[in-house]
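The lines below spell out each chain.
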Amino acid sequence: MKKVISITLSALVIVACMSFIGCGEKGGEPEEKTLSVKYYDDASSVMPMMISGKETIALLPEPAATTLTKNATDKTWYRLDLQELYDGTAKAYPQAVIMVKQSVLKNNPKIVNKVSDAFAENVKWVKTNPEAAVTAISNAMGEGVVTSLNAKTLSETVIDNCKIYWQSAADGKTSVTKYVSDMIEIDEKSAKEVKDDFFYDADEEIQSEVADKQEISVYAPDGAPALAIAKFINDQESFETGKTFNYHVINAATIGGIISKGTGDIIVMPITAASKLYASYAADTYKMVSVVTHGNLYIMSTEKITVDDFNNKRMAVIGQGNVPDLTLKAVLKKHNIKTVIAG
């Protein structure tokens, strides 16, 4: 009888082990999935491919994601919120931040509070004045350079999807530190660990010997970061009496040179680039005073899918090696999905 029981138990153990392997486990480790990624230069290159059906899944920013649905009404579109996939609680990640030279902070001690107080009104204004916002941004760009924004697509929903709101350096410190760390795990060259000296502290005495000046230059890349300051551009807002604020909207690829050369006094830029370059202009280093955009990326598809369905799928992706690509990879990593470049 004991022998029969022993044989039966052994059989159960074998069946149990086979069951685990059959459910996708290999030697106790989860099965690795693969997503094929096709990189594109920008959203405008991806959209025709999605409309024609040559691509069926794509990572797109707003307002391009909504523009796609309006330009191809013959298809049923589904979207996954990359911000929610990255952080299910906050449903956001620190995308673009405002960097300010220490000399500006020292010589204009109330400037951060003044910008902060006016920021919420800026977002409300953009929602009710999309044409004026796009015109202001266009006027702030160099001659011959065209903004990627279209007033016709800037509905209140689209602007809400851009997740534009002010978060102080103190309030955003934890999420910024974690996000930068996550990006470094994906690509150690993509960002640099941020420490206390990166963040503006209202109670800290600013150290700067640089003289005050009457003209303050403000730079932002085209897209959601430019929308974040569109009313300021339109009004030619000067937050300090007797001073002139000069606003410039430029191509996102060139924003790094603005901070590394010290060209801009106030710069809206991606957090990854800011983490690497905030101290590169040694004559007058920068502090992060706020997070102003909190992710505007969406995975668009013609079929209803979840992240776990990405195995052996293909996705069109913009921003290779930059925030869109890195954030996507951070999400995929949580689901044990690796990427391969599509041929």
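Attention in this report is confined to the structure presented alongside it. (Residues numbered from 1 in each chain as written. Predicted model: local features only at pLDDT ≥ 70, side-chain atom pairs only at ≥ 80, totals over all residues. Heavy atoms only, no water.)

With respect to the pairing of strand E11 (residues 286–293)
In plain terms, the rule: Here's how the labels work: a residue is buried when its accessible area is under 20% of the maximum for its type, exposed when over 50%, partly exposed in between, all with a 1.4 Å probe on protein chains only. Where helices and strands are cited, they refer to DSSP runs of H or I of at least four residues and of E of at least two residues respectively, numbered from the N terminus. Here, strands pair whenever DSSP counts at least two bridges between them.
Counted residue by residue, E11 has 8 buried out of 8 residues, so it is predominantly covered. In this sheet, E11 lies alongside strand E6 (residues 96–101) in antiparallel orientation, the contact comprising 6 bridges. The residue bridging alanine 96 from the neighbouring strand is threonine 293, located in E11. Here strand E7 (residues 164–168) pairs with E11 via 3 bridges, running antiparallel. Bridge pairing in E11 links isoleucine 164 to threonine 293.

Digging into the nonpolar core
Rule in force here: What makes a nonpolar core is a set of buried Ala, Val, Leu, Ile, Met, Phe, Trp, Tyr and Cys residues whose side-chain atoms join them at distances within 4.5 Å.
Formed by 95 residues in total, the largest nonpolar core has its most connected members in Met99, Phe198, Met288 and Phe310. Ranked by size, the runner-up nonpolar core spans 16 residues in total, among them Ala58, Ala72, Trp77 and Met300.

Brief notes about the packing of helix H6 (residues 111–128) against helix H7 (residues 130–139)
To keep things clear, this is the line we draw: Here, axes are lines fitted to C-alpha atoms. For helices the fit covers the stretch in contact, and angles between N-to-C directions go from 0 to 180 degrees. For classification purposes, angles smaller than 35 degrees are called roughly parallel, those larger than 145 roughly antiparallel, those between 65 and 115 roughly perpendicular, and all remaining angles oblique. Any two residues whose heavy atoms approach within 4.5 Å are treated as being in contact. Each residue is assigned to one class: nonpolar for Ala, Val, Leu, Ile, Met, Phe, Trp, Tyr, Cys and Pro, charged for Asp, Glu, Lys and Arg, and polar for all the others, Gly among them.
For the pair H6 and H7, the least separation of the axes is 5 Å and the interaxial angle reads 110°. In terms of orientation, H6 lies roughly perpendicular with respect to H7. Packed against H6, whose contacting residues are Trp125, Val126, Lys127 and Thr128, the element H7 presents Pro130, Ala132 and Ala133 at the interface. Per-class residue counts for the contact of H6 with H7 are 5 nonpolar, 1 polar and 1 charged.

Here's the deal with the sheet that holds strand E10 (residues 266–270)
With respect to topology, 6 strands assemble into an open sheet ordered E7-E11-E6-E10-E8-E9, the strand pairing being mixed. Of all strands in the sheet, those with a lone pairing partner are E7 and strand E9 (244–250), marking the two edges. Taking each pair of neighbouring strands and ignoring which way they run, the sheet shows an average axis angle of 25°. Packed onto the sheet, H6 meets E7, E9, E10 and E11 and runs at close to 155° relative to E7.

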